Amino acid sequence: MQNDRSWTEINLTNFEHNLKELRNFLSPGIEIMQIVKADAYGHGAFQIAERAVKCGVTFLGVANVDEGMLLRYQGIEIPILILSPSLENEIERIIGSGLTPSVSTVDFAEKLGNYTKSKDIRIKIHINIDTGMGRSGIYAKEAIEIIKKIRNLENLEIEGIFSHYSASENDQKYTQDQLKKFKQILSQLDFSPEYTHISNSSAVITSKDDFSNLVRIGLLSYGVYSDKSLEEKVNLKPVMTFKSRISQIKIADKGESIGYNRTYIASKKIKYAILPVGYADGYDFMLSNKGKVLIKEKICNIVGKVSMDMIAVDVSNLNKIDVNDKVILLGDENSNLRAENLTGLFNGSSYEILCQVGRRAKRYYKDNGKIIDSSPLLRRDFVSTDYSDEKLNFIIETAIEQRLQSKEIANLIYSDVLKRFFAERDKEICYRNNFVHTIEFKETKSAFLKDYFLVNTTLTFNKKLQNDYFYVACAKNENLLEKYFLRKDVEYRWLLDNNFDLETEFFDITSVKINEIELYNDIKISGGCIEIRCYHQKLKELVGKEVNFSISTRTYYPQSSHQLSVYIIEMTQGVNIEFIFNKLLQKVEAVPIFSGRNKFPQIENKKDSISISSQKDEWIFPNSGVVFVY
Ligand SMILES: *Cc1c(COP(=O)(O)O)cnc(C)c1O
């Protein structure tokens with residue numbers, strides 16, 4: 001926070017407090033669905049979901065398949081209901097990620113049913129009835145008939161039936177009408193689903209019912225009142241606080257204007273502060289000349305229009321203030337800054353301001369006053385569609401699958417890759433750069449080896465050193481080599497021709513260095529593998545630093561193979577792979593299988609070598625590679 005221009009603090013202790021307060025309104029046995037759509041109203045879906053699960057919540061609610069998938073990738077396992085209607089093309093991903101779709105039309109139910117039938121599976125769905133919200137859901141008057149139809153689809157199980165209130169926070173009459181309609185429909189069915197639910201968080205307080213067994217809690221759990229009348233009924237604490245700091249202090253004399261279009265003109269000499277947030281940070285434009293911020297416990301008014309990246313506040317009443325002083329923009333316990341009161345200034349929506357605030361801000365998660373987690377700047381809140389780019393899936397998965405001959409492990413690695421890209425993007429990804437691999441074929445001398453080429457390989461790259469040792473591994477078949485692909489401490493792997501014995505005569509390290517330090521190596525031959533541990537006492541002090549690896553080996557390769565594959569199995573930036581065949585081969589072609597932004601590396605044919613290379617700063621995804629065909 002020290003270095004942040006603006007940041008949000010998410011107070012998980014307050015979140016827990018609010019959940020507890022709301023739970024007090026529920027009869028025993030009623031379950032809670034925590035609504036975490038739109039990145040948990042801007043609070044961070046994963047962290048909120050995780051905490052909610054810890055508090056005993058049994059369902060999560062999201063808006064769409066992408067939000068649900070992201071939570072699955074992040075390891076959330078409890079049932080997740082997709083509240084909005086889904087599209088046909090999302091069915092495969094919904095089911096693949098174990099999400100529960102809501103169903104608002106027979107047509108979609110049938111499409112779902114066809115899909116599950118073709119896969120010979122059965123999935124749970126929740127049916128959405130429109131009892132007066134006038135948004136998604138089947139018409140109340142058609143509900144009985146449609147539910148019957150859907151019930152006939154064998155591969156769907158109606159786990160839940162639900163509806164949604166339009167104005168449970170302030171229109172009791174309409175709310176009761178909706179409730180009555182819902183109850184009527186349910187009572188006419190010849191079965192009862194496991195879950196019936198209609199209440200959002202406001203209704204938990206304003207409109208109890210005696211037949212639902214699940215409630216969907218959103219806004220109030222984030223500590224924002226949906227209506228003034230609820231303030232005396234329940235004690236809620238804001239979960240999100242949006243903060244920034246003063247970046248400049250200025251004076252405007254009487255008659256001078258502040259900001260675009262001169263909407264504020266000083267009626268006397270004032271002192272004002274510039275804060276480095278604007279509507280691009282989610283600070284609503286409608287707060288121009290209206291908003292309030294808190295500096296040193298004092299409320300200060302926004303003067304002039306909110307700009308894209310800046311606002312100005314009147315600080316005339318503050319004596320001792322300075323550049324860098326903290327400013328609270330939203331969500332403190334000071335009631336002026338509560339989301340509902342700030343948006344009240346312009347008849348806006350507190351839901352909306354929560355979702356948009358802090359777009360450029362890092363989030364800090366606090367528990368009992370301590371920061372326990374943070375998420376990075378420029379959050380990528382949703383899994384966008386490029387995430388499941390069919391082609392990228394295909395390339396990565398098949399490449400791994402072919403190499404490992406195991407679809408299961410291919411799948412595992414693939415989701416691991418995605419996780420690293422999208423879910424843990426603030427954590428450090430270890431990657432290689434300046435990857436230069438040379439493979440040189442030479443003639444063999446002995447008669448015994450006449451069907452083979454002698455192969456000298458050298459691999460150099462830069463990478464952050466993880467341990468004070470690493471391994472080089474060699475195995476005679478792919479299954480044995482497989483386990484070395486999964487190990488993070490193995491930097492080089494080689495598949496040895498089956499005809500050779502596992503001896504260093506046929507595969508050996510000729511030199512292995514880190515930053516010019518020649519490493520020791522211990523060779524272990526067992527279980528069909530040669531495992532070479534490379535180490536040096538000097539490596540201890542290099543751990544955590546980026547170092548230069550250089551690994552050279554000598555081995556043999558069957559002439560009859562007619563192809564040689566080189567794999568890139570880690571995130572790599574800048575690749576150059578050269579195959580030198582020294583007049584031993586006639587015609588060599590390189591077939592690159594590159595995934596990354598640029599799938600077509602540069603190929604250069606020379607008289608007795610061929611090389612492929614990417615730009616220095618270009619990312620190559622794991623499980624890319626090249627096959628040299630001769
Ligand atoms: C967003 C949403 C909720 C949560 O509503 P709050 O007013 O935030 O408690 C509940 N149900 C559905 C269907 C929703 O879309």
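Scope of this entry: the structure provided in the associated data block. Just so it is clear, the model here is predicted, and its values are computed rather than measured. (Residues numbered from 1 in each chain as written. Predicted model: local features only at pLDDT ≥ 70, side-chain atom pairs only at ≥ 80, totals over all residues. Heavy atoms only, no water.)

### Observations concerning the overall build of the protein
Turning to step 1, where the next piece is worked out: When you go through the protein residue by residue, the secondary structure sums to 14 helices and 37 strands.
Turning to step 2, where the next piece is worked out: Here the C-alpha coordinates of the protein stretch approximately 95 × 75 × 40 Å along the principal axes.
Turning to step 3, where the next piece is worked out: Taken across its 630 residues, the protein has 53% of its residues classed as buried.
Turning to step 4, where the next piece is worked out: In the protein, the proportion of contacts linking residues at least 24 apart, taken out of those at least 6 apart, comes to 68%. (Helix = DSSP H or I, 4+ residues; strand = E, 2+ residues; numbered from the N terminus. Buried < 20%, exposed > 50% of the residue type's maximum accessible area, 1.4 Å probe, protein only. Contact = heavy atoms within 4.5 Å.)

### A short note on the packing of helix 1 (residues 12-23) against helix 3 (residues 45-54)
Turning to step 1, where the next piece is worked out: Relative to each other, helix 1 and helix 3 sit at 50°, their axes nearing to 11 Å. When the axes of helix 1 and helix 3 are compared, the pair comes out oblique. The element helix 1 and its partner helix 3 pack so that their crossing is right-handed. In contact with Leu-12, Phe-15, Glu-16 and Leu-19 of helix 1, helix 3 contributes Gln-47, Ile-48, Arg-51 and Ala-52.
Turning to step 2, where the next piece is worked out: Across the contact of helix 1 with helix 3, the residue classes break down as five nonpolar, one polar and two charged. (Axes fitted to C-alpha atoms, helices over the stretch in contact; angles between N-to-C directions. Parallel < 35°, antiparallel > 145°, perpendicular 65-115°, else oblique. Left-handed = near helix turned anticlockwise from the far one by under 90°. Nonpolar A, V, L, I, M, F, W, Y, C, P; charged D, E, K, R; others polar.)

### A few points about the site of the ligand
Turning to step 1, where the next piece is worked out: Near the ligand you find Ile-35, Lys-37, Tyr-41, Leu-83, Arg-135, His-164, Asn-200, Ser-201, Arg-216, Gly-218, Leu-219 and Tyr-351, and these make up its full shell.
Turning to step 2, where the next piece is worked out: Contact distances for the ligand include 2.6 Å between an oxygen atom and a backbone N or O atom of Leu-219.
Turning to step 3, where the next piece is worked out: In the complex, the protein chains occlude 94% of the 380 Å² of accessible area that the ligand would expose alone.
Turning to step 4, where the next piece is worked out: Within the shell around the ligand, the residues separate by chemical class into five nonpolar, four polar and three charged. (Near = heavy atom within 4 Å. Polar contact = N/O pair within 3.5 Å; in protein donor to acceptor, adjacent residues only side chain to side chain. Areas by Shrake-Rupley, 256 points an atom, 1.4 Å probe, with all protein chains shown as cover.)

### Some details on the packing of aromatic side chains
Turning to step 1, where the next piece is worked out: Within the structure shown, the criterion is met by 23 aromatic pairs.
Turning to step 2, where the next piece is worked out: Each ring, one from Phe-500 and one from Phe-506, has its centre 4.6 Å from the other, and the planes form 25°; the classification is stacked. Here Phe-500 and Phe-506 have matching classes, each one buried.
Turning to step 3, where the next piece is worked out: Aromatic ring contacts, followed pair by pair, group Phe-441, Phe-453, Trp-494, Tyr-557, Phe-579, Phe-581, Phe-628 and Tyr-630 into a single cluster.
Turning to step 4, where the next piece is worked out: Positioned above the aromatic ring of Tyr-139, the side-chain terminus of Lys-141 is 4.8 Å from the ring centre.
Turning to step 5, where the next piece is worked out: Taking NZ or CZ as reference, Arg-533 lies 5.8 Å from the ring centre of Tyr-535, over its face. (Phe/Tyr/Trp six-rings, centres within 6.5 Å; stacked < 30°, edge-to-face > 60°. Lys NZ or Arg CZ within 6 Å of the ring centre and 35° of its normal.)

### Regarding the environment of Glu-297
Turning to step 1, where the next piece is worked out: Mapped onto the fold, Glu-297 is located in the loop between strand 16 (292-295) and strand 17 (298-301).
Turning to step 2, where the next piece is worked out: Separated by 277 residues in the primary sequence, Glu-297 and Lys-20 have C-alpha atoms spaced 29 Å apart.

### Considerations on helix 8 (residues 172-187)
Turning to step 1, where the next piece is worked out: Compared with an ideal rise of 1.5 Å per residue, which puts 16 residues at 22 Å, helix 8 spans 22 Å between its outermost C-alpha atoms and is within 8% of the ideal.
Turning to step 2, where the next piece is worked out: Buried residues of helix 8: Thr-175, Gln-178, Leu-179, Phe-182, Ile-185 and Leu-186, and no others. Around the axis of helix 8, the buried residues are gathered within 125° of arc, so they sit on the same side. Projecting away from the buried face of helix 8 at angles above 90 degrees are the exposed residues Lys-173, Lys-180 and Ser-187.
Turning to step 3, where the next piece is worked out: Looking at the packing, one finds that the buried side of helix 8 touches strand 6 (123-130), helix 7 (143-151), strand 8 (156-163) and strand 9 (195-197).
Turning to step 4, where the next piece is worked out: With a side-chain oxygen positioned 3.4 Å from the backbone nitrogen of Lys-173, the residue opening helix 8 is Asp-171. (Expected span 1.5 Å × (residues − 1). Arc of directions from axis to C-beta.)

### Examining a nonpolar patch on the surface
Turning to step 1, where the next piece is worked out: Residues Tyr-279, Phe-285, Met-286 and Met-308 make up a contiguous nonpolar surface patch of roughly 370 Å² in combined accessible area.
Turning to step 2, where the next piece is worked out: As for its position among the elements, Met-286 is in the loop between strand 15 (270-275) and strand 16.
Turning to step 3, where the next piece is worked out: Judged by relative accessible area, Met-286 falls into the partly exposed class, the value being 44%. (Patch = residues over 30% accessible without salt bridge, like charges linked within 9 Å, V, L, I, M, F, W, Y side chains within 5 Å. Salt bridge = Lys/Arg side-chain N within 4 Å of Asp/Glu carboxyl O.)

### Details of the sheet that holds strand 31 (residues 563-568)
Turning to step 1, where the next piece is worked out: A sheet is described by the order of its strands in space; here three strands give the open sequence 31-37-33, paired in antiparallel fashion. The open sheet has two edge strands with one neighbour each: strand 31 and strand 33 (589-593). Put simply, the sheet's adjacent strands are angled 15° from each other on average, direction ignored.
Turning to step 2, where the next piece is worked out: Of the strand pairs in this sheet, strand 31 and strand 37 (residues 624-629) are connected by six bridges, and their pairing is antiparallel. Opposite Ile-568, over in strand 37, you have Ser-624 as the bridge partner. (Pairing = 2+ DSSP bridges.)

### A short note on helix 7
Every α-helix winds through 3.6 residues per turn, so residues three or four apart in the chain are directed the same way.
Turning to step 1, where the next piece is worked out: Buried within helix 7 are the following residues: Ala-143, Ile-146, Ile-147 and Ile-150. For helix 7, the arc enclosing every buried residue in end-on projection is 100°, short of the 170-degree limit, so these residues lie on one face. Seen from the open side of helix 7, the exposed residues pointing more than 90 degrees away from its buried face are Glu-145 and Lys-148.
Turning to step 2, where the next piece is worked out: Buried residues along helix 7 sit against strand 5 (100-103), helix 6 (106-118), strand 6, strand 7 (138-139), strand 8 and helix 8.

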